[in-house]
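Letter by letter, the chains look like this.
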Amino acid sequence: MTQKTAQAAADLPLDTVLVGDCIELMNGLPEGSVDLIFADPPYNLQLKGELHRPDNSRVDGVDNDWDRFASFETYDAFTRAWLTAARRVLKPDGAIWVIGSYHNIFRVGSALQDSGFWILNDVVWRKTNPMPNFRGKRLTNAHETLIWAGKSDGAKYTFNYEALKQLNDGVQMRSDWLLPICNGGERLKTESGEKAHPTQKPEALLHRVLVATSKPGDVILDPFFGTGTTGAVARRLGRRWIGLERDEAYATLARKRIAGVPRADAESLKTTASRRAEPRVPFGQLVERGLLAPGEVLVSLNGRRTAKVRADGSLVSAETRGSIHQVAAALEGLPSCNGWTYWSFKRDGQAIPIDVLRQQIRAEMSA
């Protein structure tokens, strides 16, 4: 951590809800001080009149003043302003998530790109229990869209690929997420029993976002904090958070909600690391350590190819010589090949992948 970065972190109002205009508040934060932004801005639903169910009961939809804009031009100007402020506070390797519906997400996506962000993925949140289309004149609106973007083209960003894979039963996570809307005991209610906030997001959605694209200790900023879902999940997952909210009533609910969230212990917050993040172990180290001997014969896992280990950690076969990767690629006629997953050695008549030895050394390094 550089001195500048350390000072920026020290100046942050961590684990705090700030009340006021999100643009002004972001402009008051240190530049380049935030790791991740999750933004759930007004959708500009353009509702005209009340919506009723077939039994004539009124639908409790979004009709708040904060979701009303005079025109698309007004909404676009607001979007560009808050995105500019958000980009300023992001670290060079920071990223942003923005969620929206068909009413606004395409306009937001365009503004993101115009502001210099680089879109990494769009994610479709498919709701298991969406609100029906009561008028029967359109398809049921059963999804929302999230855009994940880096600060700029080519910028580094956090992506915990293996952790997401574990969340998905060992299968690579896709960009369509099937999750329920916020309901039941998770939905905050007023004293009269009404929804405290009309667009409260489910904690499961934020859990996936934060596990995927942040690390314990990272600073998460939510400029449209509402009743604090981002802060609640951040606290549970060992992240620091900052919430910006214009409505004091929402901010009060958020503070009370987050205060009751237990923090997980450090061991529980660890996730499956990417292979790329693990310490590099040269194949030659296996020979130096005596785990494989010069002259020992390696066999491809398909059993069709062999090569002999040399003292410097290179391999030699009847056809070629070179590294474990180069020899494997040449023997298979491929442009490249991962030698760690291609070669095995024999012990007691059993073929054992050489990657087992690499993992043994890595375990010693991290002990």
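Residues numbered from 1 in each chain as written. Predicted model: local features only at pLDDT ≥ 70, side-chain atom pairs only at ≥ 80, totals over all residues. Heavy atoms only, no water.

Where we set the bar: UniProt positions are given in the numbering used here, feature names are shortened, and annotations may be inferred rather than shown by experiment.
Going by an unreviewed UniProt entry, the protein chain carries the name Methyltransferase and comes from Halovulum marinum. In the Catalytic activity (unreviewed entry) part of its UniProt record, the protein chain is described as follows: "a 2'-deoxyadenosine in DNA + S-adenosyl-L-methionine = an N(6)-methyl-2'-deoxyadenosine in DNA + S-adenosyl-L-homocysteine + H(+)".

**A closer look at the pairing of strand E7 (residues 219-222)**
Stated formally: Here's how the labels work: a residue is buried when its accessible area is under 20% of the maximum for its type, exposed when over 50%, partly exposed in between, all with a 1.4 Å probe on protein chains only. To qualify as a helix, a DSSP run of H or I must reach at least 4 residues; to qualify as a strand, a run of E must reach at least 2; elements of each kind are numbered from the N terminus. The pairing criterion for strands is at least two bridges between them, as found by DSSP. Note on handedness: a crossover is taken as right-handed if, strands pointing away from the viewer, the path from the first strand over the helix to the second is clockwise.
The two faces of E7 match: Val-219 and Leu-221 on one face and Ile-220 and Asp-222 on the other face are all buried. Pairing between strand E2 (residues 34-39) and E7: 2 bridges, direction parallel. Opposite Leu-36, over in E7, you have Ile-220 as the bridge partner. When E7 meets strand E8 (residues 240-245), the two strands line up parallel, connected through 4 bridges. Its bridge partner lying in E8, Ile-220 is registered against Trp-241. Taken together, E7, helix H7 (residues 229-236) and E8 constitute a β-α-β crossover, and its handedness is right-handed.

**Focus on the packing of aromatic side chains**
Put simply, the rule reads: Only Phe, Tyr and Trp rings take part, Trp by its six-membered ring, and two of them pair if their centres are within 6.5 Å. Stacked means planes under 30 degrees apart, edge-to-face means over 60, and tilted covers everything else.
Taken as a whole, this structure holds 11 aromatic pairs when the rule is applied. A centroid spacing of 5.5 Å and a plane angle of 45° characterise the contact between Trp-148 and Phe-159, whose relative ring orientation is tilted. Residue Trp-148 is located in strand E5 (residues 143-150), and its partner Phe-159 is located in the loop between E5 and helix H5 (161-167); the two are separated by 11 residues in the primary sequence. For the pair Tyr-342 and Trp-343, a centre-to-centre distance of 4.8 Å together with 85° between the ring planes defines the contact as edge-to-face. Here the aromatic cluster, defined as three or more aromatic residues joined through ring pairs, consists of Trp-97, Trp-148, Tyr-157, Phe-159, Tyr-161 and Trp-177.

**Focus: the sheet that holds E7**
What counts, and what does not: Only the stretch in contact is used when fitting a helix axis, every axis being a line fitted to C-alpha atoms; angles between N-to-C directions are given from 0 to 180 degrees. Pairs of residues are marked as contacts when any of their non-hydrogen atoms sit within 4.5 Å.
Taken together, 8 strands build an open sheet; the order of strands is E1-E8-E7-E2-E3-E5-E4-E6 and the sheet is mixed. Of all strands in the sheet, those with a lone pairing partner are strand E1 (16-19) and strand E6 (176-179), marking the two edges. Adjacent strand axes in the sheet meet at a mean angle of 20°, parallel and antiparallel pairs treated alike. Where E2 meets strand E3 (residues 90-100), 5 bridges bridge the pair, whose relative direction is parallel. Opposite Ala-39, over in E3, you have Val-98 as the bridge partner. Each of E2, E3 and E7 is contacted by helix H3 (residues 72-89), which is oriented at about 145° to E3, the strand it contacts most. Against the sheet, helix H8 (residues 248-259) engages E1 and E8, with an angle of about 175° to E1.

**Section: the packing of H3 against helix H4 (residues 105-114)**
Spelled out, the test is: To sort the angles, those under 35 degrees are grouped as roughly parallel, those over 145 as roughly antiparallel, those from 65 to 115 as roughly perpendicular, and the leftovers as oblique. Each crossing is labelled by how the near helix is turned from the far one, with a counterclockwise turn of less than a right angle marking it left-handed and a clockwise turn marking it right-handed. For this scheme, ten residues count as nonpolar: Ala, Val, Leu, Ile, Met, Phe, Trp, Tyr, Cys and Pro. Four count as charged, namely Asp, Glu, Lys and Arg, and the remainder, Gly too, count as polar.
Two elements in contact, H3 and H4, have axes whose closest approach is 10 Å; the angle formed by their N-to-C orientations is 45°. Between H3 and H4, the angle falls in the class oblique. In this structure, H3 meets H4 at a crossing whose hand is right-handed. Where H3 approaches H4, its residues Phe-72, Tyr-75, Asp-76, Thr-79, Arg-80 and Leu-83 are matched on the opposing element by Arg-107, Val-108, Ala-111 and Leu-112. Grouping the amino acids of the contact of H3 with H4 by side-chain chemistry returns 6 nonpolar, 1 polar and 3 charged.

**Description of the environment of Val-281**
Inspection of the secondary structure assignment puts Val-281 in the loop between H8 and helix H9 (283-288). Along the backbone, Val-281 and Gln-359 are 78 residues apart, and their C-alpha atoms lie at a distance of 8.9 Å.

**Describing the pattern of salt bridges**
For side chains bearing opposite charge, pairing can occur when the charged atoms are close. Condition: Just to be clear on terms, a salt bridge is a Lys or Arg side-chain nitrogen sitting within 4 Å of an Asp or Glu carboxyl oxygen.
Counted under the stated rule, the structure contains 15 salt bridges. With a shortest N-O distance of 2.8 Å, Glu-144 and Lys-127 are connected by a salt bridge. Placement of Glu-144 in strand E5 and of Lys-127 in strand E4 (residues 118-127) is noted, with a sequence separation of 17 residues between them. Residue classification places Glu-144 among the buried positions, given a relative accessible area of 9%. Relative accessible area serves as the criterion here: at 14%, Lys-127 is assigned to the buried category. With a closest N to O distance of 2.9 Å, Arg-257 and Glu-203 form a salt bridge. Separated by 54 residues along the polypeptide, Arg-257 in helix H8 and Glu-203 in helix H6 (residues 203-213) bring together distant segments of the chain. Glu-203 matches Arg-257 in its accessibility class, with the two residues each being buried.

**Examining the sheet that holds strand E14 (residues 350-353)**
Reading across from one edge, E12-E11-E10-E9-E13-E14 is the order of the 6 strands in this open sheet, with antiparallel pairing throughout. Both outer strands of the open sheet, strand E12 (321-322) and E14, are each paired with one neighbouring strand and no more. With 2 bridges joining them, strand E11 (residues 315-316) and E12 adopt antiparallel strand pairing. Bridge pairing in E12 links Leu-315 to Gly-322.

**A short note on the nonpolar core**
To keep things clear, this is the line we draw: Nonpolar core, defined: a set of buried Ala, Val, Leu, Ile, Met, Phe, Trp, Tyr and Cys residues in which side-chain atoms within 4.5 Å join the residues together.
Formed by 35 residues in total, the largest nonpolar core has its most connected members in Trp-97, Leu-146, Trp-177, Leu-205 and Leu-210. For this core, the element with the highest residue contribution is H6, accounting for 6 residues. What Leu-210 contacts, discounting residues up to four positions off in sequence, is Leu-36, Ile-220, Thr-230, Val-233, Ala-234, Leu-237 and Arg-239. If you look at the next biggest cluster of nonpolar residues, it comprises 31 residues, including Met-26, Phe-78, Leu-83 and Leu-221.

**Section: the environment of Trp-82**
Mapping Trp-82 onto the fold places it in helix H3. Residues contacting Trp-82, with those up to four places away along its chain left out, are Cys-22, Ile-23, Met-26, Ala-39, Pro-41, Ile-96, Val-98 and Phe-224.

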